[in-house]
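A structural walkthrough
Below are the chains, spelled out letter by letter.
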Amino acid sequence: MLTRLHLRQTSLQTLTLLLLTTCTIVQADEQVKLRFLQQQFNSSADHSRLWQNGWFGLFTGVTAVNGIAYTQTDGEHNKYDRAVGFTTSFLGAADMLLNPMQTHHFAGQLAAMQENGNHQATLAQAEQWLNAAAEREIYEQSLLNHVLAGLVNGLAGLAVAYDDKRPADGWMTFATGMIASEVKIYTAPQTMTAAREQYRNGNLGAVTASSDSPYWQVAAFGPVLSATYHF
């Protein structure tokens with residue numbers, strides 16, 4: 001009888017030890033994953049913030065300038081350019097507002113969430129943010145985004161060329177608009193796309209270094225191209 005009781009106690013102790021060991025391993029794995037994700041978000045935060053705020057500010061500024069200058073501009077052709085510049089820049093600002101790059105926000109929110117100690121819930125949320133950030137980067141580089149940029153700039157160029165009867169200026173409006181759009185796409189962050197691939201492959205030791213590279217920002221003022229260099 002004592003032997004059976006002893007065996008049961010031993011089995012219970014062994015089971016308890018195994019459960020504790022399993023929980024410890026799971027918690028350690030969650031911490032490793034969270035550390036990796038936090039590092040990835042942090043590494044892309046400055047680029048994401050600069051790109052989002054820079055381009056949104058640029059498009060908003062150009063929209064405001066064209067809107068204010070429209071009533072003070074002489075000549076119907078110049079006014080037409082102001083109207084076209086206002087429209088294309090407004091669409092650009094609206095796109096940045098409705099579909100923003102949020103990696104820098106996710107970095108801060110994840111750091112705040114980790115203070116509550118609930119690693120399982122925090123990890124689940126971090127994985128959702130990782131997917132959202134990666135999908136936003138993928139969209140920015142997608143063929144659809146290139147096509148939409150071409151459509152908007154193409155319509156702007158056609159309006160100047162045919163509605164305002166200035167073919168040469170129409171081509172210039174299209175070209176400058178496309179250059180601005182392609183530079184915006186080219187300079188967009190892509191860190192979280194690579195981070196998601198690493199995460200899915202279990203390559204949690206790789207840490208992407210933050211980029212200190214300067215960025216060009218370009219916008220079209222009707223047929224005029226404006227370039228800004230940010231350090």
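Given the structure is predicted, the values throughout are model-derived calculations rather than measurements. (Residues numbered from 1 in each chain as written. Predicted model: local features only at pLDDT ≥ 70, side-chain atom pairs only at ≥ 80, totals over all residues. Heavy atoms only, no water.)

1. A word on the overall build of the protein
Within the protein, the secondary structure is distributed over seven helices and two strands. Order of helices (α) and strands (β) in the protein, N terminus to C terminus: α-α-α-α-α-α-α-β-β. Across the protein, every contact between residues at least 6 apart in sequence was considered, and the portion connecting residues at least 24 apart equals 78%. Summed over all atoms, the accessible surface of the protein reaches about 13300 Å², with 62% contributed by carbon and sulfur. (Helix = DSSP H or I, 4+ residues; strand = E, 2+ residues; numbered from the N terminus. Contact = heavy atoms within 4.5 Å. Areas by Shrake-Rupley, 256 points an atom, 1.4 Å probe, with all protein chains shown as cover.)

2. Focus on the pattern of salt bridges
The final tally for this structure, using the stated rule, is seven salt bridges. One salt bridge in this structure joins Asp-46 and Arg-49, with 3.2 Å as the shortest N-O distance. With Asp-46 and Arg-49 both in helix 1 (residues 2–70) and three residues apart, the pair spans about one turn of that helix. On the basis of relative accessible area, Arg-49 is assigned to the partly exposed category, the value being 35%. A single network of salt bridges, built from pairs that share partners, joins Asp-81, Asp-164, Arg-166 and Asp-169. (Salt bridge = Lys/Arg side-chain N within 4 Å of Asp/Glu carboxyl O. Buried < 20%, exposed > 50% of the residue type's maximum accessible area, 1.4 Å probe, protein only.)

3. A look at the packing of helix 2 (residues 76–98) against helix 5 (residues 143–163)
Orientation of helix 2 relative to helix 5, taken along the N-to-C sense of each, is 170°, at an axis distance of 10 Å. In terms of axis orientation, helix 2 runs roughly antiparallel to helix 5. Residue-level contacts link Tyr-80, Asp-81, Val-84, Thr-88 and Leu-91 of helix 2 to Val-152, Ala-156, Ala-159, Val-160 and Asp-163 of helix 5. Across the contact of helix 2 with helix 5, the residue classes tally to seven nonpolar, one polar and two charged. (Axes fitted to C-alpha atoms, helices over the stretch in contact; angles between N-to-C directions. Parallel < 35°, antiparallel > 145°, perpendicular 65-115°, else oblique. Nonpolar A, V, L, I, M, F, W, Y, C, P; charged D, E, K, R; others polar.)

4. As for the packing of aromatic side chains
Tallied over the full model, the rule gives six aromatic pairs. Centroid distance Phe-106 to Trp-129: 5.5 Å. Interplanar angle 15°. Geometry classified as stacked. Note that Phe-106 is positioned in helix 3 (residues 103–113) and Trp-129 in helix 4 (residues 119–141), a separation of 23 residues in sequence. Accessibility expressed as a relative area gives 8% for Phe-106, which makes it buried. Feature note: the residues Phe-41, Phe-106 and Trp-129 constitute an aromatic cluster, connected by ring pairs. (Phe/Tyr/Trp six-rings, centres within 6.5 Å; stacked < 30°, edge-to-face > 60°.)

5. A few points about the nonpolar core
Among soluble globular proteins, nonpolar side chains are generally buried collectively. In terms of nonpolar packing, the biggest core is built from 17 residues, with Leu-37, Phe-41, Leu-110, Leu-130, Met-192 and Tyr-199 touching the most fellow members. Setting aside chain neighbours within four positions, we find Leu-130 in contact with Leu-37, Phe-41, Met-192, Ala-195, Arg-196 and Tyr-199. By size, the runner-up hydrophobic cluster in this structure holds eight residues, among which are Leu-58, Phe-59, Ala-93 and Met-101. (Core = buried A, V, L, I, M, F, W, Y, C linked by side-chain atoms within 4.5 Å.)

6. Quick look at the environment of Leu-110
Relative to the helices and strands, Leu-110 is located in helix 3. As for Leu-110 and Phe-41, which are separated by 69 residues in sequence, their C-alpha atoms are 8.6 Å apart. When near neighbours in sequence (up to four residues on either side) are disregarded, Leu-110 contacts Leu-34, Leu-37, Gln-38, Phe-41, Thr-122, Ala-126 and Trp-129.

7. Regarding the packing of helix 3 against helix 4
Orientation of helix 3 relative to helix 4, taken along the N-to-C sense of each, is 175°, at an axis distance of 10 Å. As far as their axial angle goes, helix 4 and helix 3 are roughly antiparallel. Within the contact between the two elements, helix 3 uses Thr-103, Phe-106, Gln-109, Leu-110 and Met-113 and helix 4 uses Ala-121, Thr-122, Gln-125, Ala-126, Trp-129, Ala-132, Ala-133 and Glu-137. Split into classes, the residues belonging to the contact of helix 3 with helix 4 amount to eight nonpolar, four polar and one charged.

8. Things to note about the side chain of Gln-38
Inspection of the secondary structure assignment puts Gln-38 in helix 1. In this structure Gln-38 comes out as buried when scored by relative accessible area, which is 11%. Among residues more than four places away in sequence, those in contact with Gln-38 are Ala-107, Leu-110, Ala-111 and Gln-114.

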